[in-house]
There are 2 protein chains.
Amino acid sequence: MGLIVQKFGGSSVADAERVMNVAGIVTDTYKKGNDVVVVVSAQGDTTDDLIEKANEINPKAAKREMDQLLTAGEQISISLLAMAIEKLGCPVISLLGWQAGFNTNSIYGSARIKHIKPNRLQAEIAKHNIVVVAGFQGINRYDDLTTLGRGGSDTSAVAIAAALKADKCQIYTDVEGVYTADPRKVDNAVKLKEITYDEMLELATLGAQVLNNRSVEMAKKYGAELEVLSSLNPIPGTIVKEAAKMEKMLIRGVTMDKDVALVSILNLQDTPGIAFKIFSKLSSKNINVDIILQSFGRDGTKDIVFTVNKDNGPVAVELLKGLLDDDCKIVCNTEVAKVSIVGAGMESHPGTASKMFEALYESNINIQMISTSEIKISVIIDADSADRAVSAVHRAFIPGE
Amino acid sequence: MGLIVQKFGGSSVADAERVMNVAGIVTDTYKKGNDVVVVVSAQGDTTDDLIEKANEINPKAAKREMDQLLTAGEQISISLLAMAIEKLGCPVISLLGWQAGFNTNSIYGSARIKHIKPNRLQAEIAKHNIVVVAGFQGINRYDDLTTLGRGGSDTSAVAIAAALKADKCQIYTDVEGVYTADPRKVDNAVKLKEITYDEMLELATLGAQVLNNRSVEMAKKYGAELEVLSSLNPIPGTIVKEAAKMEKMLIRGVTMDKDVALVSILNLQDTPGIAFKIFSKLSSKNINVDIILQSFGRDGTKDIVFTVNKDNGPVAVELLKGLLDDDCKIVCNTEVAKVSIVGAGMESHPGTASKMFEALYESNINIQMISTSEIKISVIIDADSADRAVSAVHRAFIPGE
């Protein structure tokens with residue numbers, strides 16, 4: 001018994017049948033004597049459908065109006081879920097983001113939560129209501145509606161768990177937990193029982209699509225214990241917390257990200273401050289650079305190679321063509337992928353990197369760039385080899401069952 | 001130049017093309033130097049679609065949650081219309097009912113506006129924004145969303161016109177104004193240039209579906225001049241105001257309403273207070289009785305006949321069977337219609353009623369009941385004869401063109 005926050009994504013509430021299924025999970029939890037706050041996303045493709053409606057009329061619409069439009073999506077799903085819970089005989093009330101006290105800044109489309117005013121939430125819980133809250137949305141100081149950006153419902157759930165000091169925050173998805181690799185692609189991918197916030201953060205950032213990384217950051221900050229589990233199969237999922245048992249594995253997971261472009265600047269005249277000039281230009285246009293590699297070319301020139309999001313590749317090339325002289329050659333390769341391993345254990349195991357490189361070498365996969373942190377190693381390789389690379393690396397590190 | 005409130009119904013904003021059409025009307029008005037507040041309903045069938053979604057899950061859902069659900073409809077249409085206006089180059093902002101200051105009571109599903117807090121509306125107008133407001137919705141003292149009931153967007157528009165002392169309130173519909181009869185059914189129906197609030201109120205109550213009658217009441221109360229006109233054909237419509245010129249016609253219109261049931265109680269023992277007993281029972285179950293006729297039957301018994309909404313007919317019969325003794329006979333006839341004529345002029349023309357009855361007699365239509373007020377005469381006839389009756393009466397009163 002305690003206070004449990006449960007979050008359900010859009011596919012979990014896509015139609016009437018699934019809404020009833022979620023209502024079943026929620027009321028089961030409530031009937032065991034728990035207080036329950038439920039956070040839901042918009043149903044299925046609602047958000048995409050609304051974006052399409054907007055694009056038909058004005059593809060460059062003000063972001064304030066986009067948020068006014070999109071927040072209608074969760075408004076529909078929370079009221080429907082409340083009706084389903086009511087049908088199962090439990091007291092319930094639905095609250096929009098602003099009714100639940102989500103105060104955000106004014107960056108429409110990707111607002112940050114400033115604070116949650118928990119009065120209404122607390123009052124409804126005190127009345128023994130199950131509270132269904134619209135994820136992904138809030139209100140700014142001008143009383144205008146805002147959205148938290150894609151995956152924002154995870155953040156909403158964790159924020160409520162933190163504000164109400166909930167005993168548990170359960171993130172229900174269409175997978176059964178966090179796996180060592182994408183189970184649709186790697187046969188012997190293993191579900192983890194536990195994982196640390198830092199590891200989860202690396203996995204989320206590196207392309208595992210289970211949890212939104214901002215929500216993991218927030219959970220870490222407030223020490224809110226997360227559980228990732230399936231809304232369709234009622235078995236224990238993966239617990240995300242400060243310290244996690246290692247289960248005889250050196251790493252927690254292998255991830256792959258194809259949303260990568262590799263930009264190369266070759267034969268660059270080596271003048272002082274040139275790197276600064278390049279990267280400050282990119283940063284001024286909000287282009288995030290991930291991995292950077294610098295090497296010496298011929299005749300005192302140098303080569304700079306870096307990765308950005310795939311969309312930003314051609315943009316970066318255009319920006320740099322305007323900035324640099326015509327002698328150097330700027331090319332962009334979007335046919336690359338980033339494969340990474342993540343695990344807090346690798347810090348104390350110096351052989352981890354070489355074990356990964358060996359596995360790739362044995363599969364005849366060429367490494368174009370390498371980047372490491374304390375708990376992860378990433379390599380850039382040909383996009384074509386990505387699936388093979390994940391399998392090879394996974395085989396090398398994760399014992400088969 | 002002045003402040004103009006414009007209201008567009010759901011069919012006027014049903015798709016992207018129509019939304020752009022409405023944006024054109026609005027921006028034309030704005031570019032002529034007017035301040036413009038636009039009130040819109042939910043797009044096309046959105047409200048019905050949402051009701052269907054709810055019924056699939058829980059047909060008896062709490063009305064509070066129904067309102068939470070339905071208000072999403074106008075949220076979508078206001079943001080889309082704002083995007084369309086933005087595209088046409090005018091400054092614009094959309095406001096939900098609560099953002100526009102619509103404070104209502106807590107009768108979910110058919111809330112009444114208590115007052116409008118005009119601060120935000122005034123501030124946006126002062127910034128020279130076109131303001132697009134969600135019709136049909138408001139907020140109660142608990143910060144919960146409410147709806148004003150079907151046709152509520154008309155009321156929203158008039159309420160804004162009254163609160164802001166607008167110079168004009170234009171109600172755009174899919175017809176070109178108020179007609180002397182339904183132009184789809186009566187060939188020589190004439191569009192009225194002007195009509196009084198009282199006449200419009202009778203027409204609206206008696207089945208003309210141009211304006212919601214609560215909105216006419218409110219316009220009358222605050223002296224807000226209304227214009228009913230077409231969003232597809234840009235010609236002058238019908239002005240609704242305190243005093244209207246008569247245009248050589250004795251009546252303003254002929255209406256027909258098939259949502260009527262005739263309940264007859266025959267051979268009722270004539271005990272004191274029996275009529276009170278019957279009608280207080282009906283009123284306690286919120287059944288509104290329209291026309292009542294009482295006559296003497298055989299052997300000291302009496303007959304009471306009255307009309308209610310079609311749905312309430314069988315309900316009334318059941319209630320009365322429990323209340324009255326078995327000697328009397330209670331029957332319900334739902335195959336009836338009410339045909340009415342409306343016009344302030346009839347007060348001073350005693351021959352109006354007989355002229356109407358003559359027209360029906362000449363068409364061989366039997367009158368079952370009659371009800372009159374200062375500015376209207378209604379008759380109950382067989383539903384089968386209703387269309388013929390409207391044509392006959394219209395022919396007798398309205399000069400052909």
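Provided above is the structure to which this section pertains.
All values reported here derive from a predicted model rather than from experimental measurement.

**Student:** Please clarify how the overall build of chain A should be interpreted in this entry.
**Tutor:** From N to C terminus, chain A includes eleven helices and 20 strands. Taken over C-alpha atoms, the radius of gyration comes to 23 Å for chain A, in line with the 21 Å a tight globule of 401 residues would show. With respect to the principal axes defined by its C-alpha atoms, chain A has extents near 80 × 55 × 35 Å. Counting all 401 residues of chain A, 58% fall into the buried class. Sequence separation of at least 24 residues holds for 74% of the intrachain contacts in chain A that already meet a minimum separation of 6. Here chain A displays about 17600 Å² of accessible surface, and carbon together with sulfur accounts for 48% of that area. Between the centroid of the 43 positive side chains of chain A and the centroid of its 51 negative side chains there is a distance of 4 Å.

**Student:** For this particular structure, what's the right way to read helix H7 (residues 213-222) of chain B?
**Tutor:** Since the α-helix advances by 3.6 residues per turn, residues separated by three or four positions end up pointing in the same direction. Residues and elements named next belong to chain B. Where H7 is concerned, the buried positions are Arg214, Ser215, Val216, Met218 and Ala219. The backbone nitrogen of Arg214 lies 3.2 Å from a side-chain oxygen of the residue at the head of H7, namely Asn212. Count one or two residues on from H7 and you reach Gly223, which has phi positive near 60 degrees.

**Student:** What's the story with the interface of chain A and chain B in this structure? I'm lost.
**Tutor:** By a widely used convention, the size of an interface equals the accessible area lost when the partners come together. The partner chain B presents 43 residues to the 43 residues of chain A that form the contact. The closest approach of N and O atoms between Asp144 of chain B and Arg120 of chain A, which form a salt bridge, is 2.9 Å. Among the secondary structure elements, those contributing two or more residues to the side of chain A that touches chain B are helix H1 (16-31), helix H2 (46-57), helix H3 (63-87) and strand S3 (92-95) of chain A. Considering every element that reaches the side of chain A that touches chain B, the biggest residue donor is H3 of chain A, with 17 residues. For the side of chain A that touches chain B, a count of residues per class yields 25 nonpolar, eight polar and ten charged.

**Student:** Help me understand the side chain of Ser340 of chain B, please; the structure alone is not making it clear to me.
**Tutor:** All names here are of chain B. The residue Ser340 is located in strand S18 (residues 336-342) in this model. A polar contact is formed between the side chain of Ser340 and the side chain of Ser378, at a distance of 2.8 Å. Beyond its immediate stretch of four places on either side in the chain, Ser340 contacts Leu206, Gly253, Val254, Thr255, Met356, Ile377 and Ser378.

**Student:** Can you walk me through the packing of aromatic side chains in this structure?
**Tutor:** Each aromatic ring pair is characterised by the separation of its centres together with the angle its planes make. All names here are of chain B. Within this structure, the stated rule accounts for five aromatic pairs over all chains. Consider the rings of Phe279 and Phe306, whose centres lie 5.3 Å apart with planes at 75 degrees: the pair is edge-to-face. Remark: Phe306 occurs in strand S16 (residues 301-308) and Phe279 occurs in helix H8 (residues 274-284); sequence separation between them is 27 residues. Exposure remark for Phe279: the relative accessible area of 18% places this residue in the buried category.

**Student:** Would you explain the relation of the copies chain A and chain B in this entry?
**Tutor:** Mapping chain A onto chain B is achieved by rotating through 180 degrees and translating by 0.0 Å along the same axis, at an RMSD of 0.1 Å. Those values place the two copies in the arrangement expected of a two-fold rotation axis. Residue Ala72 of chain A of chain A places its C-alpha closer to the rotation axis than any other residue of that unit, at 2.5 Å. The fraction of interface residues of chain A whose copies in chain B are also interface residues reaches 100%, indicating that both copies meet through the same surface.

**Student:** Is there a simple way to think about the packing of helix H10 (residues 352-362) of chain A against helix H11 (residues 386-397) of chain A in this case?
**Tutor:** All names here are of chain A. Taken N-terminus to C-terminus, the directions of H10 and H11 make an angle of 130 degrees; their axes are 9 Å apart at the nearest point. As the angle between them shows, H10 and H11 are arranged oblique. In terms of crossing hand, the pair formed by H10 and H11 is right-handed. Across from Thr352, Lys355, Met356, Ala359 and Leu360 in H10, the residues of H11 making contact are Ala389, Ala392, Val393, Ala396 and Phe397. In the contact of H10 with H11, the residues fall into eight nonpolar, one polar and one charged.

**Student:** Is there a simple way to think about the sheet that holds strand S1 (residues 3-8) of chain A in this case?
**Tutor:** Sheet strands line up and pair through hydrogen bonds in the backbone, either parallel or antiparallel. Residue and element names in this part refer to chain A. The strand order S3-S6-S2-S1-S9-S11-S12-S10 describes an open sheet built from eight strands, whose pairing is mixed. Where the open sheet ends on each side, the last strands, each with one partner, are S3 and strand S10 (194-196). Pairwise comparison of adjacent strand axes, ignoring direction, gives a mean angle of 20 degrees for this sheet. Examined bridge by bridge, S1 and strand S2 (residues 35-40) share six bridges and lie parallel to one another. Across the sheet, the residue bridging to Leu3 is Asp35, located in S2.

**Student:** Hey, could you run me through the pairing of strand S20 (residues 376-382) of chain B in this one?
**Tutor:** Residues and elements named next belong to chain B. With six of seven residues buried, S20 lies mostly within the body of the structure. Taken together, the seven bridges between S18 and S20 define a ladder with antiparallel strand orientation. In the sheet register, Ala337 faces S20, and the bridge partner there is Ile381. Pairing of strand S19 (residues 369-373) with S20 involves five bridges; the strand directions are antiparallel. Paired with Thr372 across the strands is Ile377, a residue of S20. Linkage of S19 to S20, two consecutive antiparallel strands, is achieved through a turn of two residues.

**Student:** I keep staring at the packing of helix H2 (residues 46-57) of chain B against helix H3 (residues 63-87) of chain B and nothing clicks. Help me out?
**Tutor:** Packed helix pairs are characterised by how far apart their axes lie and by the angle those axes make with each other. Residues and elements named next belong to chain B. Where H2 meets H3, the closest approach of the two axes is 9 Å, and the angle between their N-to-C directions is 145 degrees. The crossing of H2 and H3 is right-handed. Facing Thr46, Thr47, Leu50, Ile51 and Ala54 of H2, the residues of H3 in contact are Met66, Leu69, Leu70 and Gly73. Its residues assigned to classes, the contact of H2 with H3 comprises six nonpolar, three polar and no charged.

**Student:** Mind showing me how you'd approach unusual backbone geometry here?
**Tutor:** At Asn286 of chain A, a position not held by glycine, the phi torsion is positive, near 60 degrees. Along the chain, the position of Asn286 of chain A falls in the loop between helix H8 (274-284) and strand S15 (292-296). Positive phi, normally seen in glycine, also occurs at Lys165 of chain B, with a value near 50 degrees. Mapping Lys165 of chain B onto the fold places it in the loop between helix H5 (152-163) and strand S9 (168-173).

**Student:** Which parts of the structure should I look at to understand H11 of chain A?
**Tutor:** Compared with an ideal rise of 1.5 Å per residue, which puts twelve residues at 16 Å, H11 of chain A spans 17 Å between its outermost C-alpha atoms and is within 8% of the ideal. Buried within H11 of chain A we find Ala386, Ala389, Val390, Ala392, Val393, His394 and Phe397 of chain A.

**Student:** Got a minute to help me understand the pattern of salt bridges in this structure?
**Tutor:** When their charged atoms lie close together, side chains carrying opposite charge are able to pair. Residue and element names in this part refer to chain A. Per the counting criterion, the structure on display carries 26 salt bridges over all chains. In this structure, Arg64 and Glu65 form a salt bridge, with 2.9 Å as the shortest nitrogen-oxygen distance. The pair Arg64 / Glu65 is uniform in exposure class, with both members buried.

Reading the values: rules and limits
- Residues numbered from 1 in each chain as written.
- Chains lettered and ligands numbered in written order.
- Predicted model: local features only at pLDDT ≥ 70, side-chain atom pairs only at ≥ 80, totals over all residues.
- Heavy atoms only, no water.
- Helix = DSSP H or I, 4+ residues; strand = E, 2+ residues; numbered from the N terminus.
- Rg over C-alpha atoms; globule rule 2.2 N^0.38 Å.
- Buried < 20%, exposed > 50% of the residue type's maximum accessible area, 1.4 Å probe, protein only.
- Contact = heavy atoms within 4.5 Å.
- Areas by Shrake-Rupley, 256 points an atom, 1.4 Å probe, with all protein chains shown as cover.
- Lys, Arg positive; Asp, Glu negative; His and termini not counted.
- Charge placed at Lys NZ, Arg CZ, Asp CG, Glu CD.
- Polar contact = N/O pair within 3.5 Å; in protein donor to acceptor, adjacent residues only side chain to side chain.
- Salt bridge = Lys/Arg side-chain N within 4 Å of Asp/Glu carboxyl O.
- Nonpolar A, V, L, I, M, F, W, Y, C, P; charged D, E, K, R; others polar.
- Phe/Tyr/Trp six-rings, centres within 6.5 Å; stacked < 30°, edge-to-face > 60°.
- Least-squares fit on C-alpha atoms with pLDDT ≥ 70 in both.
- Axes fitted to C-alpha atoms, helices over the stretch in contact; angles between N-to-C directions.
- Parallel < 35°, antiparallel > 145°, perpendicular 65-115°, else oblique.
- Left-handed = near helix turned anticlockwise from the far one by under 90°.
- Pairing = 2+ DSSP bridges.
- Expected span 1.5 Å × (residues − 1).

These values are about where atoms sit, not about what they do.
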